[in-house]
Amino acid sequence: MYVYILGGFLGSGKTTLLMKLASMYTKRGEKTALLVNESGEIGVDGATLKAQGYDAIELPNGCICCSLSGTLQSALKNIKKDIDPDIIIIEPTGLALPHKVRELVKVSMIDPDDIFIIGVADVQRFDDLVKKKEQFFKMQMSNADFILINKKDLARPGQIEEVTGWLNKEFPGKPVEAISAKTDENIDKLYEMMR
Ligand SMILES: Nc1nc2c(ncn2[C@@H]2O[C@H](COP(=O)(O)OP(=O)(O)OP(=O)(O)O)[C@@H](O)[C@H]2O)c(=O)[nH]1
Ligand SMILES: [Mg+2]
């Protein structure tokens, strides 16, 4: 069983990506369970995901990396028992620290080598986020196994190269790929990166 944790700031495209990945794995015939911890403004909730035929569990308002850590663990235990999926995709809120989520998932006796963090960086709001919340952004991205620069379709000319350069300098050796979760640009490259 593989677990993917989508780490990225509010509105970076985590839910859009989650839907794409869920559809890809389902088409591949892998049983996929989704665990979402929506912060409650925009996006897709557990009921919508279930309506689309996915096994989805929605955790209540609050943050799964801190106040809801116990809730996360019991949800994982139930998913393993009731659904027994091949893949679990977890979307924490945009304010969560993905490495803390990974620690909690590890406690639920999932092999640490089977847990991956995907960092999602919003190209449109990259400059603003780095200006206002650089430390937080770095903390979210630093533990990612790879980083996706999302919303490629909205990037100004040269911006993808700029952001890629910044990320390569901050996180040498970490794979970086620019995609658009909405228009599917480079989404095949993402699928190749996934197990
Ligand atoms: N143009 C464009 N818009 C995108 C892309 N990915 C996501 N969006 C839009 O960005 C907005 C936020 O996307 P979500 O997937 O809800 O982002 P999120 O990270 O789940 O947001 P929160 O759960 O609220 O933190 C939505 O309006 C999406 O349609 C993209 O690649 N390109
Ligand atoms: Mg979301």
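Residues numbered from 1 in each chain as written. Chains lettered and ligands numbered in written order. Predicted model: local features only at pLDDT ≥ 70, side-chain atom pairs only at ≥ 80, totals over all residues. Heavy atoms only, no water.

## Thoughts on the site of ligand 1
Then, in step 1: Taken together, 18 residues lie near ligand 1, and K14, T15, T16, D153 and S180 sit nearest.
Then, in step 2: Here K14 contributes a side-chain N or O atom positioned 2.7 Å from an oxygen atom of ligand 1.
Then, in step 3: At a separation of 3.0 Å, an oxygen atom of ligand 1 approaches a polar side-chain atom of S180.
Then, in step 4: Relative to its unbound accessible area of 650 Å², ligand 1 is 84% covered by the protein chains.
Then, in step 5: For the shell around ligand 1, the per-class residue count stands at 5 nonpolar, 7 polar and 6 charged. (Near = heavy atom within 4 Å. Polar contact = N/O pair within 3.5 Å; in protein donor to acceptor, adjacent residues only side chain to side chain. Areas by Shrake-Rupley, 256 points an atom, 1.4 Å probe, with all protein chains shown as cover. Nonpolar A, V, L, I, M, F, W, Y, C, P; charged D, E, K, R; others polar.)

## Some words on the packing of aromatic side chains
Then, in step 1: Taken as a whole and judged by the stated rule, the model has 7 aromatic pairs.
Then, in step 2: With a centroid separation of 5.2 Å and an interplanar angle of 25°, the aromatic rings of Y4 and F116 are classed as stacked. Of this pair, Y4 sits in strand β1 (residues 2–8) while F116 is found in strand β5 (residues 115–122), placing the two residues 112 residues apart along the sequence. When sorted by exposure, Y4 lands in the same class as F116, which is buried.
Then, in step 3: When the centroid spacing of 5.9 Å and the interplanar angle of 45° are considered together, the rings of F137 and W166 count as tilted. With F137 in helix α5 (residues 126–142) and W166 in helix α6 (residues 159–170), this pair connects stretches of sequence that are 29 residues apart.
Then, in step 4: Accessibility expressed as a relative area gives 3% for F137, which makes it buried.
Then, in step 5: In this structure W166 comes out as partly exposed when scored by relative accessible area, which is 21%.
Then, in step 6: Here the aromatic residues Y2, Y4, Y25 and F116 are joined through ring pairs into a cluster of three or more. (Phe/Tyr/Trp six-rings, centres within 6.5 Å; stacked < 30°, edge-to-face > 60°. Helix = DSSP H or I, 4+ residues; strand = E, 2+ residues; numbered from the N terminus. Buried < 20%, exposed > 50% of the residue type's maximum accessible area, 1.4 Å probe, protein only.)

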